[in-house]
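Reading the structure
These are the residues of each chain, in order.
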Amino acid sequence: SYPQFIFQDDDIGLLEPGGGFVRPELAVRAALDDAMEGGAKVKENVCVTSIEEVVEGTDDNRDSCDNDGGHVILHVEDGDDIMAKKVIVSGGAWMGKLIPEWSSHLHVTRQIQAWIDVGNDASYESYEMPTWIRSSWSDSSSDNDEVAIYGIPADPLSNEPSWIKVAIHGRNDIVDDVDEAIPRPLVTNGEMKELQLAAQDFLRPVADTTRTRKKQHSWLSSSPYPFIEAQSCLYTNSPDGHFIVGQPQMYKRVYGAAGLSGHGFKMTPALGKVLSDLALDGTTSLPIDFLSPKRFGI
């Protein structure tokens, strides 16, 4: 019933009728607007270089400290440091730099995502094509023991409403220095081929291009690849693949969430509640023991 895909006789599938996708840019904007309506001050384009916790304060900074004078200083690149009673850190690929104690338990990898323009073919729109993931595809020529491919249908509310997304989840291309990954290096021909190999036996637009290598449809690129655009992104994961959520042992007033890549964004409402509970009350009613940094001794 889904002609967008190529199924094999021994495939086993699970359909979740209520599944879908999140529009990240709109979700982030909505969260920021909601926070500002509640009195939050948002500072954009600020680079935090390090976090310093001060055990005791002085009369000059008493208003920004706990009763014992303790506080946290966010050192920023432009020198306009920020002082706070408590700090919640969710720095993505930069968590190892911001919370050095966690760095050895976080590994950053380069992932590849691309888009295909399907033109006016309505079968690829979100009400006809589900958000999908195929696990696992294995390329014997790569270093990836187990990877998956996933995709998102055409979104009528996006800037490119005729584009579908396809990406590899789980590449083991380690990034040693995240600062060198910004700006993002261009996707290479080898990476494009890797993505094509991953999807050509399952996603029909990729299979059609691989088979014909000709512009038989208006949405096919003149290149040997079906992708109209490709970008890299960074994943950050813990050794067991679960989040790290809680208080680093070296701090008393700092709380963090790390290792969210690949499955964390959609859970940020719950994670935000957990972290605010911990920062304000020191505990939370949500079950997070299995996510505690203590499982790694950090």
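Before reading further, recall that the structure is shown in the block above.
Residues numbered from 1 in each chain as written. Predicted model: local features only at pLDDT ≥ 70, side-chain atom pairs only at ≥ 80, totals over all residues. Heavy atoms only, no water.

Counting its secondary structure elements, the chain contains 5 helices and 11 strands. Long-range contacts, defined as pairs at least 24 residues apart, comprise 64% of the intrachain contacts of the chain with a sequence gap of at least 6. (Helix = DSSP H or I, 4+ residues; strand = E, 2+ residues; numbered from the N terminus. Contact = heavy atoms within 4.5 Å.)

Turning next to the pattern of salt bridges. For the structure on display, the rule yields 12 salt bridges. For glutamate 53, the salt bridge is made with arginine 253, and the minimal N-O distance between the two is 3.9 Å. Within this pair, whereas glutamate 53 is found in strand β1 (residues 48-54), its partner arginine 253 is found in the loop between β10 (244-246) and β11 (254-258), the two being separated by 200 residues in sequence. Summarising the burial analysis for this pair, glutamate 53 and arginine 253 share the class buried. Here lysine 97 and aspartate 179 are joined by a salt bridge, their closest N and O atoms 3.5 Å apart. Separated by 82 residues along the polypeptide, lysine 97 in helix α2 (residues 95-98) and aspartate 179 in the loop between β8 (163-169) and α3 (189-199) bring together distant segments of the chain. Taken together, the shared-partner salt bridges in this structure form one network comprising Arg110, Arg171, Asp173, Glu191 and Glu194. (Salt bridge = Lys/Arg side-chain N within 4 Å of Asp/Glu carboxyl O. Buried < 20%, exposed > 50% of the residue type's maximum accessible area, 1.4 Å probe, protein only.)

Let's shift gears to the nonpolar core. Side chains that are nonpolar tend, in soluble globular proteins, to be buried together. Residues Ile116, Trp132, Ile164, Val166, Leu195, Leu203 and Phe227 are the most contacted members of the largest nonpolar core, which totals 24 residues. Among the elements that line this core, the one with the most residues is α3, at 4 residues. Of all hydrophobic cores here, the second largest spans 17 residues; its members include Leu74, Ala84, Val87 and Ile244. (Core = buried A, V, L, I, M, F, W, Y, C linked by side-chain atoms within 4.5 Å.)

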